[in-house]
Amino acid sequence: MWLLLMLIILLSNGMSAFGLKVLSVWGLPPNIKFPYLTIWYAAGLSCIAIPMLLRKVRGGLKEAGWGALIALLSIGGQLAMANALDSGVPGNVVFPVTIGGSILVVAIAGQLFFGEKMSAFSWTGVAIGLLSVVLLSVS
Amino acid sequence: MKAGVLVCVLGALSFGLLACVAKVAERKKCNSSALVVWLFGWATLAMLGRSLTMSHPAHVTTPVTAIAILFGICAAVGYLAFQVSIAVGKVTVGWLMMNLSSGMPALVSIWLYGEKLTLLKSIAFGLAVLSLICLFQGNRVEARQSLSAEPK
């Protein structure tokens, strides 16, 4: 189950950003980004909501609140990256600090607040993965 | 420049807190599918508001719509998998996997658009594979440890 979920994350989440690359290759104007993302989010919403409705699964106020907080934090992160780039910080500093930093924040929180105990193999994997993400964002 | 770097750190905190909030929501027994629906619902509203207030609205063609639908579905499935994974595994590993997945578009671009495979990218991909092997091995070790720790 865990292995399958990790593979789905790698493939699905990874490919989700590829559309923006396609748009840039097609040479479309930058203002296409917002209508594109509107359809992008609406499609994602529908593909989860329709099966939920068919199975009569209800999503209440609790999920609405936590979902709003996650959305706000995502927008906050994106705005911070955009502002840092606008203020003249080069991309090879902005992306590794933001993405690598977030992994460190989660690793520390996982230990301190969620009581996650990891084996030496997992810690090595996280450290090497962090380095890989930093190199990917620089390259 | 210093202020810019500080903003980067705030960005890291924001993204890191996102994953932590997702874990807290899981601990509060939120339904994963419903959480993703609300998350994408709020984001759709925000993007729709931004699109409608643009001074020069862009014309969305059918191919752009098709691409948006295809990759939007990928995003929702990917985030749902992350939300489910933190219930059965560790949020640190799930979040790392979400970020490691950024290598996928780079790999596909090399294959599809003939982008140059630089030395730095090759090292990054190699390290990603090594990291995945370590994480999968780590998961097996932890599963064995939790099995042996269970009372007989």
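Parameters at a glance
- Residues numbered from 1 in each chain as written.
- Chains lettered and ligands numbered in written order.
- Predicted model: local features only at pLDDT ≥ 70, side-chain atom pairs only at ≥ 80, totals over all residues.
- Heavy atoms only, no water.
- Patch = residues over 30% accessible without salt bridge, like charges linked within 9 Å, V, L, I, M, F, W, Y side chains within 5 Å.
- Areas by Shrake-Rupley, 256 points an atom, 1.4 Å probe, with all protein chains shown as cover.
- Salt bridge = Lys/Arg side-chain N within 4 Å of Asp/Glu carboxyl O.
- Helix = DSSP H or I, 4+ residues; strand = E, 2+ residues; numbered from the N terminus.
- Buried < 20%, exposed > 50% of the residue type's maximum accessible area, 1.4 Å probe, protein only.
- Expected span 1.5 Å × (residues − 1).
- Contact = heavy atoms within 4.5 Å.

Concerning a nonpolar patch on the surface
A contiguous nonpolar surface patch, about 620 Å² in accessible area, is contributed by Val25, Trp26 and Leu28 of chain A together with Trp111, Leu112 and Tyr113 of chain B. Looking at the nonpolar patch, the element that brings in the most residues is helix α5 (residues 103-113) of chain B, giving three residues. Within the fold, leucine 112 of chain B resides in helix α5. Its relative accessible area of 44% is what places leucine 112 of chain B among the partly exposed residues.

Some remarks on helix α6 (residues 119-149) of chain B
The first and last C-alpha atoms of α6 of chain B sit 45 Å apart over 31 residues, in line with the 45 Å expected at 1.5 Å per residue. Turning to α6 of chain B, its buried residues number three or more, namely Lys121, Ala124, Phe125, Leu127, Ala128, Ser131, Leu132, Cys134, Leu135, Gly138, Val141 and Glu142 of chain B. The inward-facing, buried residues of α6 of chain B abut α1 (2-16) and α6 (120-138) of chain A together with α4 (91-100) and α5 of chain B.

A word on the pattern of salt bridges
Residues and elements named next belong to chain B. If you walk through the whole model with that rule in mind, you get two salt bridges over all chains. Lysine 23 is the salt-bridge partner of glutamate 26, the closest N and O atoms lying 3.4 Å from each other. One end of the pair, glutamate 26, and the other, lysine 23, are both in helix α1 (residues 2-27), three residues apart, so they sit about a helical turn from each other. For glutamate 26, a relative accessible area of 18% corresponds to the buried category. Under the relative-accessibility criterion, lysine 23 is labelled buried at 5%. In this structure, glutamate 142 engages lysine 90 in a salt bridge whose closest nitrogen and oxygen atoms are separated by 3.2 Å. Of this pair, glutamate 142 sits in helix α6 while lysine 90 sits in the loop between α3 (62-88) and α4, placing them 52 residues apart in sequence. Each of the two residues, glutamate 142 as well as lysine 90, counts as buried.

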